[in-house]
Amino acid sequence: MTPARAYAEMPGGGAVGGARRVARIWWGTLASGRFFSGWSAAVSLLIAVTVLGAYRSVNSTVEYLPAIGVSALVWAVLVVLVLPVAWAERRIRRRRWRALLVLAAVVTVGAARPLLNDAAGLWLLREPSTGSWAERITTNVIIWLIVLSLVATATVAYDATRDASARLRVALSDLNEADRRADAYARRTRILLHEQIATLRTQLAELVAKNPGFDGVSAFSQSVRAVSHDLEDEASLPLSEIAAGTGPVEVPTAPRRPLLARLRPPSPVVVSIAYVVGSLPYTLATVSTGLALIAVVLVFVCGFVANAVARRSSRRRSATARGGAILFAWFAAGVLFSAVAILLAPHTLPTALVPILAFPLLAAIVGVSSDAIHSSIVQTRRLSRALAAQTDAVATRTTRARLELRSAAEQLHGRVQGRCVLFAATVDERAATTEELDAFAATIAQALAEIEGTAPTSAAPAPVAPSDALAQMIETWSHVLEISSNIDADARIALEREDVTRRVVDIASEGFLNAVKHSGAKRATLEVTHGDPDAAPELRVEVSSPGRLGSALPLTAGRGIANLSGAHLFQRGRDVVLEARVPLPAV
């Protein structure tokens, strides 16, 4: 499960709900199979040579550069050791084992780093180890868990957003082509209807002009019948056979944003807690408990001040300027904290200078992680809504055109041809009077005008049949997915009810939308079956498609499913399955 999906699907609930949300995001990141990345290496190098640099025993400026060199060397060794873990996490299928492997690797690296730093310092610089190993190991383990988890949260969320957005854009491009086909089909049906009605008007005028007999009226009736059949055939024409344009319409991608523009105002509580948890072991080992408590309070005070300053100074600014204002505010907070730390405990130099870099670094990592989750939710939801809206628009236009043709065919076959049969029976017995002929012509002309939609009071088109609504939805989605459907006989009877069909259409649409986001396989299977006859009457609706829940970003699927009571999304083998029950009214 991706971080953003965990965020989107977790309910609220105050502090407990927030803690559960954070825990689920963290575990989803560990199990993502993409925890370690190039960004992990880059940020860990920055942390290794600054916040956690091997300069505890440094006493002069000249000694800083060799100490940083030792930190960089140890970082390189640890990166080489982590590479097999990064390779393995991308190939282990079970999510739990992936998470445990990553967690064990981070803890091991955090614990081994102080030992390797001391060994490298003694070997290269002849510097003996200083400080408590227990305190240093604890500090390293905590900081690496926090920092690498935050970095992985951001990278996994961005990657998942990119993957899901790419699939949604392809689907939206296919639907844009279908939209053009729907427009072309609507124009084609209107032209066909006008041409056929015009032909019948011409034939009617010719028929009336020559005082028709039985054979003439019968021939006109057969023409009406042929036109009704042509309209029925056109109404059944698959949309895929309509030529329109030259291919799918490209959907523009979102422009790339500079790194500073990806900085959202970080939570001061999260940044402060991360710093306190990481620095508390060292603080307790170097200063009194009273000073340590003051330091903890000061961290939170500086955090809230930095957050207030950042938000105020970033108003009415561009995203990039807002990111710069956030970094500067947290840098100033770090300077303030370091100044107070030096005043209260001067013996902690040069470590007391670490907050100057640690505050903006942590704020940047938390801010980017927050932006990754927020962008995932917003961008994927926006594309999903656009896809759903486009699907509805195509289905609506196509259905309206088909209904118009079918309504015209029904009126021609019943109303017009029926009037022709009655008039033919009249002229078969005797010649029609002028009044009878005029009445026949007026009745047919009025009917043709109403069918064409040019009469002052046109008959309203027949409402769409429920079964047609489901079929039309499947046809529309077939432009995006290869869909196979299985609807049993009892379910087809239940689908004659409009409210039941509407519910099934909503579930199937949500399932097809998930199929697009979870996999590039572009296949889905819809099954609608009647439930257990001995239980409460209901339909079981299931949409399955190849894919994995943990490898995509089904943000809107989570929200959409929340609106479908009784529906749930789960993994079954290699398929992602959306299952829902539709209660049926008691007979």
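About the thresholds
Residues numbered from 1 in each chain as written. Predicted model: local features only at pLDDT ≥ 70, side-chain atom pairs only at ≥ 80, totals over all residues. Heavy atoms only, no water. 1 Å grid on protein atoms, 1.4 Å probe; cavity = no way out; pocket = protein on both sides within 12 Å on 5 of 7 lines; lining within 4 Å. Points joined across faces, edges and corners; volume = space filled by probe spheres on them. Helix = DSSP H or I, 4+ residues; strand = E, 2+ residues; numbered from the N terminus. Nonpolar A, V, L, I, M, F, W, Y, C, P; charged D, E, K, R; others polar. Buried < 20%, exposed > 50% of the residue type's maximum accessible area, 1.4 Å probe, protein only. Contact = heavy atoms within 4.5 Å. Core = buried A, V, L, I, M, F, W, Y, C linked by side-chain atoms within 4.5 Å. Patch = residues over 30% accessible without salt bridge, like charges linked within 9 Å, V, L, I, M, F, W, Y side chains within 5 Å. Areas by Shrake-Rupley, 256 points an atom, 1.4 Å probe, with all protein chains shown as cover. Salt bridge = Lys/Arg side-chain N within 4 Å of Asp/Glu carboxyl O. Phe/Tyr/Trp six-rings, centres within 6.5 Å; stacked < 30°, edge-to-face > 60°. Axes fitted to C-alpha atoms, helices over the stretch in contact; angles between N-to-C directions. Left-handed = near helix turned anticlockwise from the far one by under 90°. Expected span 1.5 Å × (residues − 1). Pairing = 2+ DSSP bridges. Parallel < 35°, antiparallel > 145°, perpendicular 65-115°, else oblique.

Asks: How should empty space enclosed by the protein be read in this particular structure?
Replies: Gaps between atoms show up when a probe of the same size as a water molecule is rolled over them. Per the stated rule, a full pass over the model turns up 1 cavity of 30 Å³ or more. For the largest cavity, the calculated volume is near 40 Å³. Lining the largest cavity are 11 residues, with Gly511, Asn514, Val543, Ser545 and Val576 positioned closest to its centre. Breaking the lining of the largest cavity down by element, the ones donating at least two residues are helix H15 (498-518), strand S3 (538-546) and strand S5 (575-583). With 4 residues, H15 is the largest single contributor of residues to the lining of the largest cavity. By residue class, the composition of the lining of the largest cavity is 6 nonpolar, 5 polar and no charged.

Asks: Looking at this structure, I do not really get the environment of Leu422. What am I missing?
Replies: Structurally, Leu422 is set in helix H11 (residues 354-429). Exposure remark for Leu422: the relative accessible area of 58% places this residue in the exposed category. For Leu422 and Phe440, which are 18 residues apart along the polypeptide, the C-alpha to C-alpha distance reads 9.7 Å.

Asks: Teacher, can you tell me more about the side chain of Ser545 here?
Replies: Relative to the elements of secondary structure, Ser545 occurs in strand S3. Judged by its relative accessible area of 4%, Ser545 is buried. If sequence neighbours within four positions are ignored, Ser545 has contacts with Ala515, Arg523, Ala524, Arg574, Asp575 and Val576.

Asks: Would you take a moment to explain the nonpolar core for this structure?
Replies: For soluble globular proteins, nonpolar side chains are generally found buried alongside one another. Of all hydrophobic cores here, the largest spans 75 residues; its most connected members are Leu231, Leu412, Trp477, Leu481, Val504, Phe512 and Leu539. Broken down by element, the residue count for this core peaks at 14 residues, all from helix H6 (residues 133-209). Discounting chain neighbours no more than four positions away, the residues touching Leu231 are Leu192, Leu193, Gln196, Leu405, Ala408, Ala409 and Leu412.

Asks: It is not clear to me how the environment of Val77 should be interpreted in this structure. Could you clarify?
Replies: Among the secondary structure elements, Val77 is positioned in helix H4 (residues 64-89). Separated by 36 residues in sequence, Val77 and Arg113 have C-alpha atoms that sit 9.7 Å apart.

Asks: Would you take a moment to explain a nonpolar patch on the surface for this structure?
Replies: There is a patch of nonpolar side chains on the surface, built from Leu73, Val77, Leu81, Leu116, Trp123 and Leu124 and spanning about 580 Å² of accessible area. With respect to the secondary-structure elements, Leu73 resides in helix H4. Overall, the relative accessible area of 38% leaves Leu73 in the partly exposed class.

Asks: So what exactly am I meant to see when it comes to the packing of aromatic side chains here?
Replies: Remark: the centre distance and the inter-plane angle together describe each pair of aromatic rings, the angle taken between the planes. Counted under the stated rule, the structure contains 6 aromatic pairs. Between Phe35 and Phe36 the ring centres are 5.1 Å apart and the planes differ by 80°, which places this aromatic pair in the edge-to-face class. For the pair shown, Phe35 and Phe36 are each scored as buried. Within the aromatic cluster, the residues linked to one another by ring pairs are Tyr275, Trp330, Phe337 and Phe359.

Asks: Which parts of the structure should I look at to understand the packing of helix H3 (residues 38-49) against H6?
Replies: To characterise two packed helices, one gives the angle between the axes of the helices and the distance between these axes. Between H3 and H6, whose axes approach to 10 Å, the crossing angle comes to 145°. Where H3 crosses over H6, the two elements pack in a sense that is right-handed. Counting all contacts with H3, which are made through Trp39, Ser40, Val43, Ser44, Ile47 and Ala48, the residues of H6 involved are Ile143, Trp144, Val147, Leu148, Val151 and Thr155. Across the contact of H3 with H6, the residue classes break down as 9 nonpolar, 3 polar and no charged.

Asks: Hey, could you run me through helix H9 (residues 289-313) in this one?
Replies: Think of an α-helix as turning once every 3.6 residues; residues three or four places apart then point the same way. Across its 25 residues, H9 extends 36 Å between first and last C-alpha, which sits within 8% of the 36 Å expected from 1.5 Å per residue. Every buried residue belonging to H9 is among Ala292, Ala295, Leu298, Val299, Cys302, Gly303, Ala306, Asn307 and Ala310, and all of these are buried.

Asks: What am I meant to see in the sheet that holds strand S1 (residues 482-487) here?
Replies: Think of a sheet as strands paired side by side through backbone hydrogen bonds, with each pair either parallel or antiparallel. Pairing is mixed across the open sheet formed by 5 strands, whose spatial order is S1-S2-S3-S5-S4. Either end of the sheet is taken by a strand with one partner, and the two such strands are S1 and strand S4 (568-572). Adjacent strand axes in the sheet meet at a mean angle of 20° when their direction is disregarded. Taken together, the 9 bridges between S3 and S5 define a ladder with antiparallel strand orientation. Residue Ser545 lies in a different strand from S5, and its bridge partner there is Val576.

Asks: In this structure, what is going on with the packing of H6 against helix H8 (residues 268-286)? I would like to understand it.
Replies: Two numbers describe how H6 lies on H8: the axes approach to 9 Å, and their chain directions differ by 175°. One finds that H6 runs roughly antiparallel with respect to H8. From H6, Glu135, Thr138, Thr139, Ile142, Ile143 and Ile146 reach across to H8, where they touch Ala274, Val277, Gly278, Pro281, Tyr282 and Ala285. Its residues assigned to classes, the contact of H6 with H8 shows 8 nonpolar, 3 polar and 1 charged.

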